[in-house]
Each structure stands twice: as C-alpha cells, then as structure tokens.
Amino acid sequence: MYREREGQQMGWEFICIEELVPQDHLLLKIDKYIDFSFIPGRVKNYYCQDNGRPPIDPVMLFKMMFIGYMYGIRSERQLEEEIKGNVYYR
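Notes on the structure follow.

Definitions and cut-offs
- Residues numbered from 1 in each chain as written.
- Predicted model: local features only at pLDDT ≥ 70, side-chain atom pairs only at ≥ 80, totals over all residues.
- Heavy atoms only, no water.
- Helix = DSSP H or I, 4+ residues; strand = E, 2+ residues; numbered from the N terminus.
- Buried < 20%, exposed > 50% of the residue type's maximum accessible area, 1.4 Å probe, protein only.
- Contact = heavy atoms within 4.5 Å.
- Areas by Shrake-Rupley, 256 points an atom, 1.4 Å probe, with all protein chains shown as cover.
- Salt bridge = Lys/Arg side-chain N within 4 Å of Asp/Glu carboxyl O.
- Patch = residues over 30% accessible without salt bridge, like charges linked within 9 Å, V, L, I, M, F, W, Y side chains within 5 Å.
- Expected span 1.5 Å × (residues − 1).

Side note on the overall build of the protein chain
- Tallying secondary structure elements over the protein chain gives five helices and zero strands in all.
- Secondary structure elements of the protein chain, listed N to C terminal, follow the sequence α-α-α-α-α.
- Split into buried and exposed, the 90 residues of the protein chain put 16% on the buried side.
- A sequence separation of at least 24 residues applies to 40% of the contacts in the protein chain between residues at least 6 apart.
- Carbon and sulfur atoms make up 52% of the accessible area of the protein chain, which totals about 8800 Å².

Thoughts on the pattern of salt bridges
- Counted by the stated rule, this structure contains three salt bridges.
- Here lysine 63 and aspartate 31 are joined by a salt bridge, their closest N and O atoms 3.3 Å apart. You can see lysine 63 sitting in helix H4 (residues 58-70) and its partner aspartate 31 sitting in helix H2 (residues 26-33), a full 32 residues away along the chain.
- Taking the relative accessible area as the measure of exposure, lysine 63 reaches 31% and is therefore partly exposed.
- With a closest N to O distance of 3.9 Å, lysine 84 and glutamate 80 form a salt bridge.

Notes on the environment of methionine 64
- Tracing the sequence through the fold places methionine 64 in helix H4.
- Sequence separation between methionine 64 and isoleucine 83 is 19 residues; the distance between their C-alpha atoms is 8.0 Å.
- Setting aside its immediate chain neighbours within four residues, methionine 64 contacts Leu79 and Ile83.

Thoughts on a nonpolar patch on the surface
- Together, Ile56, Met60, Leu61 and Met65 make up a nonpolar patch on the protein surface, roughly 360 Å² of accessible area in all.
- With respect to the secondary-structure elements, methionine 65 resides in helix H4.
- Relative accessible area serves as the criterion here: at 41%, methionine 65 is assigned to the partly exposed category.

A short note on H4
- For H4, with 13 residues, the first-to-last C-alpha span of 18 Å sits near the 18 Å given by 1.5 Å per residue.
- For H4, every residue scored as buried is listed here: Pro58, Val59, Ile67 and Gly68.
- Taken together, the buried residues of H4 touch H2, helix H3 (39-43) and helix H5 (76-85).

Given below as structure tokens:
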C-alpha cells in the first residue's frame, strides 16, 4: 500500500565541489604549485582572432591532456567522459 510521506524535507541542499575532493589530492597539489598562466601567451599565435568558432580555453585543454597522461587515459573521447563523471578532475 502506498502512503504519502509526512515530514519529507522540501528544501535546498547546497554542495560545494571543493568539499567533495580531499585536500591532499594529487591534482590539487599540482594546481597549487604549477602556474598555468604561461600557456595562453605561448599559443596565442595559433588562434585566429576574427574567424571561426570560439576555441576551447587552452589552459583547460592542456589540463585535460595532462590528466589523460597522468591517469593513462589514451582516448580523448574517454578522457572527456571521465572528466564529465569524476568530481576530482573538475
């Protein structure tokens, strides 16, 4: 027999991604000690400023490839799926 639940919580719950990832995770340490701000200056000449669709941020693309290398993910499609599903990579 189906009954309505009484006293059911009807509110919002906010979760911060930083709370889900352990503070000693390897990727957080890498992000803390490596400054990736040099990348846009290095690749600026390879992007067209007034033609084509907007590019993927080169820093994000570099970090994605770095994660793929570190965790042995050889396929770019698989890497994209892993990043979509794994909170640690975000």
